Amino acid sequence: YIQYQFHTGREAKPEKFNSRAYNKFVYFKGAFVDTFEQKYKDLSRFIELICDGKDYTEKIREEKIHCIVFLNIKSYGAGTNPWGSHNSGMRTQAMDDGYIEVVGLFGAPSMGALQVGVTGVRICQCKKATITTRKAVHCQVDGEPSYLAPRF
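What you see is a predicted model; the values in this text were computed from it and never measured. (Residues numbered from 1 in each chain as written. Predicted model: local features only at pLDDT ≥ 70, side-chain atom pairs only at ≥ 80, totals over all residues. Heavy atoms only, no water.)

**Regarding the overall build of the chain**
Then, in step 1: Each helix and strand in the chain was counted, giving five helices and eight strands.
Then, in step 2: Along its sequence from the N terminus, the chain presents helices and strands in the succession α-α-α-β-β-α-β-β-α-β-β-β-β.
Then, in step 3: Taking all contacts inside the chain whose residues are at least 6 apart in sequence as the whole, residues at least 24 apart take part in 62%.
Then, in step 4: Total accessible area on the chain stands at roughly 9500 Å², and carbon and sulfur atoms take up 53% of it. (Helix = DSSP H or I, 4+ residues; strand = E, 2+ residues; numbered from the N terminus. Contact = heavy atoms within 4.5 Å. Areas by Shrake-Rupley, 256 points an atom, 1.4 Å probe, with all protein chains shown as cover.)

And the structure:
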């Protein structure tokens, strides 16, 4: 959501986004506002997550996850590793194993905490993941902001 706002703002008025300090301020402001708004705090109410035929929607609800990250590499968001390196009974993360790591985060504060080594909630590892939304949601696809329309 924050990156989508930044991206659309920069496209509308590129002259305003001409310094690294201003760009960081825009992100900080978005994260600060999201800390209180928590636009996606009830994510499990309007999405369904199926991985390799198993429904993980209840796990998203139980963990109170606001954001889902799909990884096929160890690095995300400026070099962080939300999957982590600890062994919790799941296979070691590898980019050539054919598996996607699915990680849950708790919104802007936990995304910032990734920068200091905090990890997300491991949801699963799978070969196929399907998300069905009942409401439009903001997302990133390969680092680019996007907006998914609902699909019933």
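**Quick word on the packing of aromatic side chains**
Then, in step 1: In the structure shown here, the tally under the stated rule is zero aromatic pairs.
Then, in step 2: One cation-aromatic arrangement involves Lys 127 over Tyr 99; the distance from NZ or CZ to the ring centre is 4.5 Å.
Then, in step 3: Above the ring of Phe 46, the side-chain terminus of Lys 135 is found at 4.4 Å from the ring centroid. (Phe/Tyr/Trp six-rings, centres within 6.5 Å; stacked < 30°, edge-to-face > 60°. Lys NZ or Arg CZ within 6 Å of the ring centre and 35° of its normal.)

**Here's the deal with the sheet that holds strand S4 (residues 100–105)**
Pairing between sheet strands relies on hydrogen bonds along the backbone, with the strands arranged either parallel or antiparallel.
Then, in step 1: The sheet built from three strands is open, its strands ordered S3-S4-S5 with antiparallel pairing. Both outer strands of the open sheet, strand S3 (67–71) and strand S5 (121–126), are each paired with one neighbouring strand and no more. Along the sheet, successive strands turn relative to each other by an average axial angle of 20°, direction set aside.
Then, in step 2: Where S4 meets S5, five bridges bridge the pair, whose relative direction is antiparallel. Bridge pairing links Ile 100 to Cys 126 in S5. (Pairing = 2+ DSSP bridges. Axes fitted to C-alpha atoms, helices over the stretch in contact; angles between N-to-C directions.)

**Re the nonpolar core**
What tends to happen in soluble globular proteins is that the nonpolar side chains get buried as a cluster.
Then, in step 1: Among the nonpolar cores identified, the biggest contains 15 residues, and Leu 49, Cys 51, Ile 60, Ile 68, Val 102, Ile 123 and Cys 124 are the most heavily contacted of them.
Then, in step 2: Of all the elements in the fold, those that place two or more residues in this core are helix H3 (43–46), strand S1 (47–51) and S5.
Then, in step 3: Considering every element that reaches this core, the biggest residue donor is S5, with four residues.
Then, in step 4: Setting aside residues up to four positions removed in sequence, Ile 60 forms contacts with Leu 43, Ser 44, Ile 47, Leu 49, Ile 65, Ile 68 and Ile 123.
Then, in step 5: Cys 67, Val 69, Leu 71 and Tyr 76 belong to the second-largest nonpolar core, a separate cluster that totals seven residues. (Core = buried A, V, L, I, M, F, W, Y, C linked by side-chain atoms within 4.5 Å. Buried < 20%, exposed > 50% of the residue type's maximum accessible area, 1.4 Å probe, protein only.)

**Here we look at unusual backbone geometry**
Then, in step 1: Of note, Asp 52 is a non-glycine position whose phi angle comes to about 50°, a positive value.
Then, in step 2: Note on placement: Asp 52 falls in the loop between S1 and strand S2 (54–55).
Then, in step 3: Although it is not a glycine, Lys 64 adopts a positive phi angle of roughly 60°.
Then, in step 4: Looking at the element boundaries, Lys 64 is found in the loop between helix H4 (57–63) and S3.
Then, in step 5: The exposed category is assigned to Lys 64, whose relative accessible area is 58%.

**Observations concerning the pattern of salt bridges**
Then, in step 1: Under the criterion given, the structure shown has one salt bridge.
Then, in step 2: With its nearest N and O atoms 2.7 Å apart, the salt bridge here joins Glu 58 to Arg 61. Of this pair, Glu 58 and Arg 61 both sit in helix H4, three residues apart, which is roughly one turn of the helix. (Salt bridge = Lys/Arg side-chain N within 4 Å of Asp/Glu carboxyl O.)

**Concerning the confidence of the model for the chain**
Then, in step 1: Of the residues in the chain, 78% have a pLDDT of 70 or more, and the chain-wide mean is 78.
Then, in step 2: Per-residue pLDDT, averaged within each element of the chain, yields its smallest value for helix H5 (residues 108–113) (63) and its largest for S2 (97). (pLDDT = per-residue confidence, 0-100.)

**Concerning the side chain of Thr 133**
Then, in step 1: Positionally, Thr 133 belongs in strand S6 (residues 129–133).
Then, in step 2: Only 3.5 Å separates the side chain of Thr 133 from the backbone oxygen of Lys 135, close enough to count as a polar contact. (Polar contact = N/O pair within 3.5 Å; in protein donor to acceptor, adjacent residues only side chain to side chain.)

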